[in-house]
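Working through the structure, step by step
Below, each chain spelled out in residue letters.
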Amino acid sequence: SNMKVTLAAAEVTLAEASKKSTELIKEIAINTASADKTKASVKIIADAAFEKATTIGAEKEEVERDLEAAKPALLEAESALNAIRPEDIKNLKALKNPPIVIKVIFDGVLLLKRKFIPKCQIVELQSNIFGYQDAYKPWA
């Protein structure tokens, strides 16, 4: 009879442990499913980030190649700029109506320096020969 009581108590304890382990297994299954969803979401984000990083890396390399290709032109332009002497500027200022090519060059310089460009319009100087009329004032 003492064994029966011990056995009954052990069965109750076993039933409680079985119930707790079943609940624990359910909880683990729910947490695992949630973790799998989070893992899938993180993988999607990581894949997108990797793809963006790859694209950015390729674009960076292309930009660096373009920059390297442009360096000789920049050095040549700097050299030409350094070749301009003050008396060259004085000679240009002395021109009351500079040739169109000089005006166009100065317009390009103004564009590069993001400065105001005087308003101008294309006019026909002679039959099929065009030039432009501008609002340039004598240079001071």
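Please refer to the structure placed before this passage.
Please read all numbers here as calculations on a predicted model, not as lab measurements. (Residues numbered from 1 in each chain as written. Predicted model: local features only at pLDDT ≥ 70, side-chain atom pairs only at ≥ 80, totals over all residues. Heavy atoms only, no water.)

**Observations regarding the environment of L125**
Looking at where L125 falls in the secondary structure, it is placed in strand β1 (residues 120-126). Overall, L125 belongs to the exposed group, its relative accessible area being 54%. Spatially, the C-alpha atom of L125 lies 106 Å from that of E16, the residues being 109 residues apart in sequence. The residues contacting L125, other than those within four sequence positions of it, are F130 and G131. (Helix = DSSP H or I, 4+ residues; strand = E, 2+ residues; numbered from the N terminus. Buried < 20%, exposed > 50% of the residue type's maximum accessible area, 1.4 Å probe, protein only. Contact = heavy atoms within 4.5 Å.)

**A look at the pattern of salt bridges**
Side chains that carry opposite charge are capable of pairing whenever their charged atoms lie near each other. This structure, assessed with the given rule, holds 5 salt bridges. Each of the salt bridges in this network shares a partner with another, and the network as a whole consists of R85, E87 and D88. (Salt bridge = Lys/Arg side-chain N within 4 Å of Asp/Glu carboxyl O.)

**What about the environment of R65?**
Note on placement: R65 falls in helix α1 (residues 2-83). Sequence separation between R65 and L112 is 47 residues; the distance between their C-alpha atoms is 22 Å.

**A look at a nonpolar patch on the surface**
Residues I100, V104, L125 and I129 make up a contiguous nonpolar surface patch of about 330 Å² in total accessible area. Along the chain, V104 falls in helix α3 (residues 100-112). Residue classification places V104 among the partly exposed residues on the basis of a relative accessible area of 45%. (Patch = residues over 30% accessible without salt bridge, like charges linked within 9 Å, V, L, I, M, F, W, Y side chains within 5 Å. Areas by Shrake-Rupley, 256 points an atom, 1.4 Å probe, with all protein chains shown as cover.)

**Here we look at the environment of Q133**
With respect to the helices and strands, Q133 occurs in strand β2 (residues 129-134). Its relative accessible area of 49% is what places Q133 among the partly exposed residues. When the C-alpha atoms of Q133 and C120 are compared, they prove to be 5.6 Å apart, with 13 residues separating the residues in sequence. Among all residues touching Q133, those that are not within four sequence positions of it are C120, Q121 and V123.

Purely geometric numbers; function is a separate question.
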